[in-house]
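Listed here are the chains, written in short residue letters.
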Amino acid sequence: MTSPESDLESTLRPLDGSEALTLLNDVAGFLTERDIRAYITGGWVRDVLLGRDTADIDIAVRGDGLEVARSVAVALGGRYVLLDSENGVGRVVLPGRRTEFDFTTLRGNIEEDLALRDFTVNAMAIDMCQLSGSFSDIRLIDPLNGYADLRGGIIRAVADTVFTSDGARLLRGVRLAAELGFTIDEKTETLLEQHSGLIAGVAGERVRGELLRLLAVPGAGIFVAYLDKLGLLTVIFPEMEQAKGVKQPGEHFWDVFHHSLRTVSATDFLLGEGEWEFGGDEVRAAIPGMEIEADYFEQEVGKGSTRKSLLRLAALLHDVSKPAKKTIEAGGRMRFLGHAADGAAVAAERLAALRFSVKEINLVEALILHHLRPTQMSNDGLPSNRAIYRYFRDTDEAAVDILLLSLADHLASRGPDLDPAAWREHTRLVDYVIRQRIEKEKIIIPPKLVSGYDIMNILGGSAGPVVGKTLEVVREAQAAGEVVTRQDALAFVEKLLAAPDWLETRNDKN
């Protein structure tokens, strides 16, 4: 095994002149001039040794970490941000730079400080005063053998009190294992299971941050299932507890809870970021090409979230209200009427408690509310232009995401009992709808042929609910090809308004 020092030298040397090392030297010079002892700790040291790129650098200082952060921000022309007043964490953000510095106050000496951290791979440090010398002079401070665990791919808690000290570490441990491709050691796993309930007391925004990072990892479905094994999942989403053991109709292979977990894994598969053990080449070959922007699912929705991570979240929660909505009719038919609408509301409430943004919540809510919609667009064969228009009108920015969720739902419903013919028909429908969106944009956003003023002129009156309703019916007629020109549209409107019950029925509150 190579020494940590040789690994440090080999990974730091190519970074010479990089933004991070240049700024670190600037910070080190500033602190040295003021006789402030400082250490680079945590993730940056870990990631340098792994050869991973990272822009966040943690620095522990002797003295007031918040005051040092303020001074460094002024000296480097940056901005000071108070991250955590309780634990004394201050951030320095530099304009035009991706590198950010988080300053904390050293707790005792550096060895004592590292012993209070979370996992051994995060409990290594570099004395900043060594940066001014040769790379070969830099020595790794590693009192808890984090380097050995790094080489072995192990996530190990530094002490039995790690999780009782900070409940957010429960989720962070799983997230780190997922991001790094590491294994959580047996004793740490036992501690995670013992203290899983503590995640309920963690601030919502901290849970949100860790959860989103976990959901961004390729193959996240495996780790979502692991969260359940550890007892964490239903503490974060208590509404899911009642889904365990809830049986579904015969076409479903799993109960509601395990179907939900499998839907996340099926989403991974459809995104090309995971395997589906029940799908051979035939299943994969039928997946639509999804002719959308290459980075569509990588689009940022909120801070730290993308369409991809929120799609996985919606996949997990899409049937959250099935247990409450389950009924069995006289003939024995099992139904879950209204579970999509109710589930959307339940998920929105939970995500609000976890401090998700309004935009993030709206997307997840739309995905859950409309997840059955694609298969309801046509009773037989491909959907009409009118149905496609209504679909994109009602689902708006979530339309493409919902199509993929519907496919994942299909796979996770049938599991090993998948009917290849039914799967091909579903994928053909999705492919057709997406192609119509691309090839016939006028179906989705038809050109404006008449205005509200035209309708008011025909009515000879002022604006009212009937105007908006009439415009919408005209747009549907355009999408269906029944109206092509302005003259067609005006004739259509006049005929519509002449109907005896149109004004009466369209001016009420239906």
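> Can you help me understand the side chain of histidine 371 in this one?
You can see histidine 371 is positioned in the loop between α18 (358-369) and α19 (385-395). Given the relative accessible area of 2%, histidine 371 is considered buried. Of the polar contacts made by the side chain of histidine 371, one reaches the backbone oxygen of isoleucine 368; its length is 2.6 Å. What histidine 371 contacts, discounting residues up to four positions off in sequence, is His318, Asp319, His339, Ala340, Ile402, Leu405, Ser406 and Asp409.

> Hey, could you run me through the sheet that holds strand β4 (residues 89-93) in this one?
Pairing between the strands of a sheet is mediated by backbone hydrogen bonds and can be parallel or antiparallel. An order of β3-β4-β5-β2-β1-β6-β7 is seen for the seven strands of this open sheet, with the pairing classed as mixed. Of all strands in the sheet, those with a lone pairing partner are β3 (79-84) and β7 (140-141), marking the two edges. Sheet contacts for helix α2 (residues 19-33): β1 (38-41), β2 (56-61) and β5 (100-105); angle to β2, the most-contacted strand, approximately 15 degrees. Across the sheet, helix α3 (residues 43-50) is in contact with β1, β2, β6 (125-127) and β7; its angle to β1 comes to roughly 55 degrees.

> Explain the pairing of β4 here, please?
Regular strands place side chains that alternate from one sheet face to the opposite one. Counting buried residues along β4, five of its five residues qualify, which places the element largely inside the surrounding structure. Burial along β4 is two-sided: Val89, Arg91 and Val93 facing one way and Gly90 and Val92 facing the other are all buried. Pairing analysis gives five bridges linking β3 to β4, with the strands arranged antiparallel. Opposite aspartate 84, over in β4, you have valine 89 as the bridge partner. Connecting β3 to the next strand, β4, in antiparallel fashion are four residues, including glycine 88 with a positive phi near 65 degrees. Strand direction decides the pairing type here: β4 and β5, joined by four bridges, are antiparallel. Residue pairing across strands places valine 92 opposite phenylalanine 101, the latter belonging to β5. The hairpin turn running from β4 into β5, its antiparallel successor, is six residues long, and glycine 96 in that turn takes a positive phi close to 75 degrees.

> I would appreciate a short explanation of the packing of aromatic side chains in the present structure.
Note on aromatic pairs: each is described by the distance of the centres and the angle between the planes. In total, this model carries seven aromatic pairs according to the counting rule given. Seen from their ring centres, phenylalanine 119 and phenylalanine 163 are 6.1 Å apart, and the 55 degrees between their planes marks the pair as tilted. Of this pair, phenylalanine 119 sits in the loop between α5 (110-115) and β6 while phenylalanine 163 sits in helix α7 (residues 162-165), placing them 44 residues apart in sequence. For the residue pair phenylalanine 119 and phenylalanine 163, the accessibility class agrees, reading buried in each case. For the pair tyrosine 391 and phenylalanine 392, a centre-to-centre distance of 5.3 Å together with 80 degrees between the ring planes defines the contact as edge-to-face. Summarising the burial analysis for this pair, tyrosine 391 and phenylalanine 392 share the class buried. Through successive ring pairs, a cluster of aromatic residues spans Phe253, Trp254, Trp276 and Phe278. Here arginine 208 stacks its cationic end above the ring of phenylalanine 356, 5.5 Å away from the centre of that ring. If you follow lysine 322 out to its NZ or CZ, it ends over the ring of phenylalanine 336, 4.8 Å from the centre.

> Help me out: how do you make sense of the nonpolar core in this one?
Nonpolar side chains in soluble globular proteins tend to be buried together. Core analysis: the largest hydrophobic core is formed by 140 residues, its most contacted members being Leu24, Ile59, Phe101, Phe103, Met128, Phe237 and Leu313. Apart from residues lying up to four places away in sequence, phenylalanine 101 is in contact with Leu23, Leu24, Val27, Ile57, Ile59, Gly90, Arg91, Val92 and Leu94. In terms of nonpolar packing, the next biggest core, distinct from the first, is built from 12 residues, Leu449, Val466, Val467 and Val474 among them.

> Could you clarify how one ought to interpret unusual backbone geometry in this entry?
Where the residue is not glycine, phi is negative for most of them; where a peptide bond is considered, it is trans in most cases. The residue aspartate 35 is not glycine, and still its phi comes out positive at about 60 degrees. With respect to the element layout, aspartate 35 can be found in the loop between α2 and β1. A positive phi is found at arginine 355, a non-glycine position, where the angle reads about 65 degrees. Mapped onto the elements of the fold, arginine 355 is located in the loop between α17 (339-353) and α18. On the accessibility criterion, arginine 355 (52% relative accessible area) is exposed.

What counts, and where the lines are drawn
- Residues numbered from 1 in each chain as written.
- Predicted model: local features only at pLDDT ≥ 70, side-chain atom pairs only at ≥ 80, totals over all residues.
- Heavy atoms only, no water.
- Helix = DSSP H or I, 4+ residues; strand = E, 2+ residues; numbered from the N terminus.
- Buried < 20%, exposed > 50% of the residue type's maximum accessible area, 1.4 Å probe, protein only.
- Polar contact = N/O pair within 3.5 Å; in protein donor to acceptor, adjacent residues only side chain to side chain.
- Contact = heavy atoms within 4.5 Å.
- Pairing = 2+ DSSP bridges.
- Axes fitted to C-alpha atoms, helices over the stretch in contact; angles between N-to-C directions.
- Phe/Tyr/Trp six-rings, centres within 6.5 Å; stacked < 30°, edge-to-face > 60°.
- Lys NZ or Arg CZ within 6 Å of the ring centre and 35° of its normal.
- Core = buried A, V, L, I, M, F, W, Y, C linked by side-chain atoms within 4.5 Å.

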